[in-house]
Amino acid sequence: MIKLAINVDHVATLRQARGNSEPDPVTAAALSELAGAVGIVVHLREDRRHIQDRDIKILRDTIQTKMNLEMAATDEIIQIALDTKPDMITLVPEKRQELTTEGGLDVITNKIKIKDCIDRMTAANIPVSLFIDPDSAQIRASKEIGATFIEIHTGRYADATSEEEEDKEFDLIAAAAEEAYEEGLRVNAGHGLNYVNVSRIAALDTIEELSIGHSVMARAIFVGLTQAVQEMKELIQTASR
Ligand code: PXP
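Here the structure is a predicted model, which is why all the values come from computation and not from measurement. (Residues numbered from 1 in each chain as written. Predicted model: local features only at pLDDT ≥ 70, side-chain atom pairs only at ≥ 80, totals over all residues. Heavy atoms only, no water.)

**A short note on the packing of aromatic side chains**
Rules: Only rings of Phe, Tyr and Trp enter the pairing, Trp through its six-membered ring, and a pair is recorded when the two centres are within 6.5 Å. The plane angle decides the type: under 30 degrees is stacked, over 60 is edge-to-face, the rest tilted. Helical segments are the DSSP runs of H or I of at least four residues, strand segments are the runs of E of at least two, and each set is numbered from the N terminus. Only protein chains enter the accessibility calculation, which uses a 1.4 Å probe; a residue whose area is less than 20% of its type maximum is buried, one above 50% is exposed, and one in between is partly exposed. Two limits define a charge over a ring: the Lys NZ or Arg CZ must be within 6 Å of the ring centre, and within 35 degrees of the ring normal.
This structure, assessed with the given rule, holds one aromatic pair. On the numbers, 6.2 Å between centres and 50 degrees between planes, the contact of Tyr-157 with Phe-170 is tilted. Of the two residues, Tyr-157 sits in helix H7 (residues 155-158) while Phe-170 sits in helix H8 (residues 163-182), which places them 13 residues apart along the sequence. Exposure remark for Phe-170: the relative accessible area of 12% places this residue in the buried category. Lying across the ring of Phe-170, Arg-200 places its NZ or CZ 4.3 Å from the centre.

**Looking at helix H11 (residues 225-240)**
Going by this rule: The length a helix should cover is 1.5 Å for every residue beyond the first. Whether two residues are in contact is decided by their heavy atoms: any pair within 4.5 Å suffices.
Taking 1.5 Å as the rise per residue, H11 with 16 residues should run 22 Å; its terminal C-alpha atoms sit 23 Å apart, in good agreement. Those residues of H11 hidden inside the fold are in contact with strand S1 (3-7), helix H2 (25-34), helix H9 (198-202), strand S8 (209-212) and helix H10 (214-223).

**Some details on the pattern of salt bridges**
Keep this limit in mind: Criterion for a salt bridge: a side-chain nitrogen of Lys or Arg within 4 Å of a carboxyl oxygen of Asp or Glu.
According to the stated counting rule, one finds 19 salt bridges in the structure shown. The partner of Asp-119 in a salt bridge is Lys-115, and the shortest N-O contact between them spans 2.8 Å. Linking Asp-119 with Lys-115, this pair stays in helix H5 (residues 111-123), spanning four residues, or about one helical turn. By relative accessible area, Asp-119 is classed as partly exposed at 37%. Taking relative accessible area as the criterion, Lys-115 reaches 35% and is therefore assigned partly exposed. Taken together, the salt bridges that share partners define one network made up of Arg-15, Asp-24, Arg-54 and Asp-55.

**Description of the packing of helix H6 (residues 136-144) against H8**
Angle between the axes and distance between the axes: these two values describe a pair of packed helices. Going by this rule: Axes here mean lines fitted to C-alpha atoms, for a helix over just the part in contact, with angles spanning 0 to 180 degrees between N-to-C directions. When an angle is under 35 degrees it counts as roughly parallel; over 145 it counts as roughly antiparallel; between 65 and 115 it counts as roughly perpendicular; any other value is oblique. Left-handed describes a crossing whose near helix is turned anticlockwise from the far helix through less than a right angle; right-handed describes the clockwise counterpart. Under this grouping Gly is polar, as are all residues other than the nonpolar Ala, Val, Leu, Ile, Met, Phe, Trp, Tyr, Cys and Pro and the charged Asp, Glu, Lys and Arg.
At a closest axis distance of 10 Å, the pairing of H6 and H8 adopts a crossing angle of 25 degrees. One element, H6, and the other, H8, form an angle in the roughly parallel class. In terms of crossing hand, the pair formed by H6 and H8 is right-handed. Residues Ser-136, Ile-139 and Arg-140 of H6 form the contact with H8, whose own contacting residues are Ala-176, Glu-179 and Ala-180. Considered class by class, the residues forming the contact of H6 with H8 number three nonpolar, one polar and two charged.

**Digging into the nonpolar core**
For the record, the criterion: Among buried residues, the Ala, Val, Leu, Ile, Met, Phe, Trp, Tyr and Cys ones that are joined through side-chain atoms within 4.5 Å form a nonpolar core.
Counting residues in each nonpolar core, the largest one holds 71 residues, and the members touching the most others are Ile-89, Leu-91, Met-121, Leu-130 and Leu-210. Among all residues touching Ile-89, those that are not within four sequence positions of it are Asn-68, Leu-69, Met-71, Ala-81, Cys-117, Met-121, Ile-126, Pro-127, Val-128 and Ser-129.

See below:
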């Protein structure tokens with residue numbers, strides 16, 4: 001059964017729009033867990049545009065399931081991860097001008113830097129996931145430098161504008177998940193998944209966990225966070241039965 005991890009960054013985005021203390025991503029994390037999420041994901045960006053250092057500290061103490069810290073492999077953030085000791089980290093590329101994470105890591109080009117980060121995390125017993133596009137060469141490079149997980153970027157599948165394009169992107173994800181699984185990597189997936197497009201991905205039995213933020217928080221505005229998480233979990237469970 002595929003697991004659901006909820007990304008609470010968007011709650012922090014709303015808080016930062018006013019610069020005060022509400023809504024609190026810590027509350028969102030607790031409610032998501034109560035509604036059935038089995039992991040909480042937060043991205044501490046270098047520019048601190050949403051999640052703040054304070055959130056990371058409190059979440060480390062309050063998350064009951066699993067804390068997955070999304071981050072770039074920079075010295076400052078690596079040190080914060082080593083101090084915080086999340087249950088796992090997910091390395092993502094980070095560009096200051098982007099609205100959200102725009103694509104997978106180029107593990108091949110950045111092999112030395114990423115391997116160094118993996119080695120430091122491994123020494124601290126923190127498993128590392130690499131957020132990559134569904135690409136065979138990136139999967140092989142991830143395996144070679146010692147990643148425990150990959151997270152397959154589903155953004156292009158989610159953004160497809162025709163059935164044909166969606167099918168093509170889905171096939172790439174399915175093949176990549178299969179290849180990584182056969183290589184012995186643990187496979188997560190995420191980005192852009194919503195109540196319409198999630199079922200196909202959730203039916204892939206090579207995938208362990210889906211990381212979903214935007215669509216759940218968008219629905220939560222209208223139906224409440226508990227219902228939004230429960231509905232997503234139900235869709236995933238139905239598809240992966
Ligand atoms: N996985 C990664 C690596 C991400 O960067 C994000 C976005 O923060 C997600 C999953 C979740 O994407 P979405 O908010 O579109 O569900």
